[in-house]
Amino acid sequence: MALTEAMFFVGIDWAAKTHAVCILDAAGRGVAAFTVEHTAAGFARLAARLARLADDPESVPIAIERPDGRLVDALLEAGHPMVPVKPNAIKAWREGEVISGAKSDAGDAEVIAEYLRLRAHRLRPAVPYSDDTRAVRTVSRTRTDLVEARVAASNQLAALLDAQWPGAKEVFSDVASQSSLAFLTRYPTPASAAHLGVKRMAAFCTKHRYSGRRSPEELLERLRAAPAGITGPAQTEALRDAVTAHIRVLTALNTAIKDLDRSVAAHLTDHPDGQVFASLPRAGVVNAAQILAEWGDARDAYDGPEAVAALAGLVPVTRASGKHRGVGFRWACNKRFRVALTTFADNSRHQSDWAAEIYRRARASGKDHPDAVRILARAWVRVIWRCWQSGTPYDSALHAGAQRHRDTVEAA
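All figures in this text were calculated on a predicted structure; none of them were measured in a lab. (Residues numbered from 1 in each chain as written. Predicted model: local features only at pLDDT ≥ 70, side-chain atom pairs only at ≥ 80, totals over all residues. Heavy atoms only, no water.)

K.L.:
Any chance you could break down the overall build of the protein for me, citing the residues and the numbers?
P.N.:
Looking only at helices and strands, the protein features 17 helices and 7 strands. By the compact-globule yardstick of 22 Å for 412 residues, the protein is too spread out, its C-alpha radius of gyration being 27 Å. Considering only C-alpha atoms, the protein reaches an extent of 85 × 55 × 50 Å along its principal axes. For the protein, the proportion of its 412 residues judged to be buried stands at 42%. Across the protein, every contact between residues at least 6 apart in sequence was considered, and the portion connecting residues at least 24 apart equals 60%. When the accessible surface of the protein is split by element, carbon and sulfur atoms take 52% of a total near 21500 Å². Averaged over its 54 positive side-chain charges, the protein has a centre that lies 6 Å from the centre of its 46 negative ones. (Helix = DSSP H or I, 4+ residues; strand = E, 2+ residues; numbered from the N terminus. Rg over C-alpha atoms; globule rule 2.2 N^0.38 Å. Buried < 20%, exposed > 50% of the residue type's maximum accessible area, 1.4 Å probe, protein only. Contact = heavy atoms within 4.5 Å. Areas by Shrake-Rupley, 256 points an atom, 1.4 Å probe, with all protein chains shown as cover. Lys, Arg positive; Asp, Glu negative; His and termini not counted. Charge placed at Lys NZ, Arg CZ, Asp CG, Glu CD.)

K.L.:
I'd love a proper account of the nonpolar core, names of residues and values included.
P.N.:
Counting residues in hydrophobic clusters, the biggest one holds 45 residues, and the most contacted among them are F277, L280, I291, W295, L341, W380 and I384. Within the residue set of this core, elements represented by two or more residues are helix 5 (131-164), helix 10 (233-270), helix 11 (274-278), helix 12 (284-295), helix 13 (305-311), helix 14 (335-348), helix 15 (353-364) and helix 16 (369-390). Tallying contributions element by element places helix 16 first for this core, with 13 residues. In this structure, L280 is in contact with I291, F344, I384 and Y394, ignoring residues within four places of it in sequence. Judged by nonpolar contacts, the second largest core, of 30 residues, contains A158, A168, F183 and L220. (Core = buried A, V, L, I, M, F, W, Y, C linked by side-chain atoms within 4.5 Å.)

K.L.:
Describe the sheet that holds strand 4 (residues 62-64), naming the residues involved and giving the relevant values.
P.N.:
The 5 strands are arranged 3-2-1-4-5 in an open sheet whose pairing can be described as mixed. Two strands in the sheet have a free side with no partner beyond their single neighbour: strand 3 (30-37) and strand 5 (82-84). For this sheet, the mean angle separating the axes of adjacent strands, direction not counted, is 20 degrees. For strand 4 and strand 5, the ladder comprises 3 bridges, and the chain directions are parallel. Its bridge partner being in strand 5, I64 is matched across the sheet by P84. Along the sheet face, helix 1 (residues 40-51) touches strand 1 (8-13), strand 2 (18-25), strand 3 and strand 4 and points at about 165 degrees away from the line of strand 3. (Pairing = 2+ DSSP bridges. Axes fitted to C-alpha atoms, helices over the stretch in contact; angles between N-to-C directions.)

K.L.:
I'd like a rundown of helix 14, residues and numbers included.
P.N.:
Helical geometry: 3.6 residues make up each α-helical turn, so side chains three or four residues apart lie on a common side. If you check helix 14, its first and last C-alpha atoms are 20 Å apart, about what 14 residues at 1.5 Å a residue would give, namely 20 Å. All buried positions along helix 14 are accounted for by F337, R338, A340, L341, T342, F344, A345 and S348. In this structure, the buried residues of helix 14 make contact with helix 12, helix 13, helix 15 and helix 16. Two or three places before R336, at the start of helix 14, stands the capping residue N334, its side-chain oxygen 3.2 Å from that residue's backbone nitrogen. (Expected span 1.5 Å × (residues − 1). Polar contact = N/O pair within 3.5 Å; in protein donor to acceptor, adjacent residues only side chain to side chain.)

K.L.:
Describe the side chain of N254, naming the residues involved and giving the relevant values.
P.N.:
With respect to the element layout, N254 can be found in helix 10. In this view, N254 contacts R150, A176 and L181; residues no more than four positions away in its chain are not counted.

K.L.:
Explain the environment of P272 residue by residue, including any values.
P.N.:
With respect to the secondary-structure elements, P272 resides in the loop between helix 10 and helix 11. Sequence separation of P272 and D132 is 140 residues, and the distance between their C-alpha atoms is 8.0 Å.

K.L.:
If you had to explain the packing of aromatic side chains to someone new, which residues and values would you point to?
P.N.:
Enumeration according to the criterion identifies 15 aromatic pairs in this entry. Seen from their ring centres, F183 and F204 are 5.7 Å apart, and the 85 degrees between their planes marks the pair as edge-to-face. Here F183, found in helix 7 (residues 178-186), pairs with F204, found in helix 8 (residues 198-207); they are 21 residues apart in sequence, far enough to count as distant. We classify F183 as buried; its relative accessible area is 0%. For F204, a relative accessible area of 7% corresponds to the buried category. In this structure an aromatic cluster arises from ring pairing among F277, W295, Y302, F337, W385 and W388. (Phe/Tyr/Trp six-rings, centres within 6.5 Å; stacked < 30°, edge-to-face > 60°.)

K.L.:
I'd like to hear about the pairing of strand 2, residue by residue, with values.
P.N.:
Among the 8 residues of strand 2, 7 are classified as buried, and the element is accordingly described as predominantly covered. Inspection of the sheet shows strand 1 paired to strand 2 by 6 bridges, in the antiparallel sense. Counted as the bridge partner of D13 is A20 from strand 2. A loop of 4 residues connects strand 1 with strand 2, the two strands running antiparallel in sequence. One ladder, built from 7 bridges, connects strand 2 with strand 3; its direction is antiparallel. Paired with H19 across the two strands is V36, which belongs to strand 3. Connecting the antiparallel pair strand 2 and strand 3 is a turn made up of 4 residues, with G28 showing a positive phi of about 90 degrees.

As structure tokens, this is what we get:
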């Protein structure tokens, strides 16, 4: 059933604990306005109340300002079409409809319901992901979040060392590496490393299997060449406690990320489309899972590869008004998806001759590196689309036709 044929239109203003709900009929008349708790009982009451409106839940679409969550899952399971709406669109709609500028949760729910009713011909219900895709998305996104947390924790430790013991930061190239954390565990303060010599440094490297290109002498020289660290006894004790706290955080994050790496690999292998994305050149396991997690497995979710490229922010936005016409960067997109695809595209050019040529041509035309990578990622989307639709792993010979077509489009 099309959204325009719906009997009732529901708007939900999502909140952490209590959700405001507004129901309008097809003519825009208010049917009900109430709130539900963010609990299992609240979800059940909402589903039961909506079920009394019509025998067919597909005739009662629901608009909400978020695409996922347990409330969305519960209503999808009840059979209602769920329509995610952009908060910015609702804000602009409210400002045009509510001249006084008044704002309330109940008022926002009514604005969302009215937006759904009047824009039903332009809106599309969300296509739910399969359990396998949601599993890949869960572990992949969590891993990405933990990597970002590790970067933040590494920067905090680096800032602490910069201020109080610069030499410890300079010994190893990555302050969050296993070698660096082991060194700081053994030598958390300048005083603890006061008698560190070449023999002890060599023994440390052997014990912790340091595989870097620096000799023990070079590592020790890095430590000694940096500005001297703090020497006060009270501050030394405080530094030891602070460094130890950072080590514990980073060690836990490193362990958690390694565990999630194994989980990502397992869920990617179990996914029906896993082989398609894992076959992409230089994608690896983690990046392939990131692309799959954001791409999804619902074939009806996209009109074509250009819709995928737009979702990932790979297609520029054209703005034309009067005599002015400009093409700009697409800010509104799935940013996780953009990072996943551009990371893959940048890596792929080191293995795929076709990808390297697309990138070379983009740079030769005056594009900078990020823009050239986005052009290559957009070209890859069409090729991946062909693989995804047929369920066939990528093969440079088999998919040469898609690549040639992409060449023609990019050249135009």
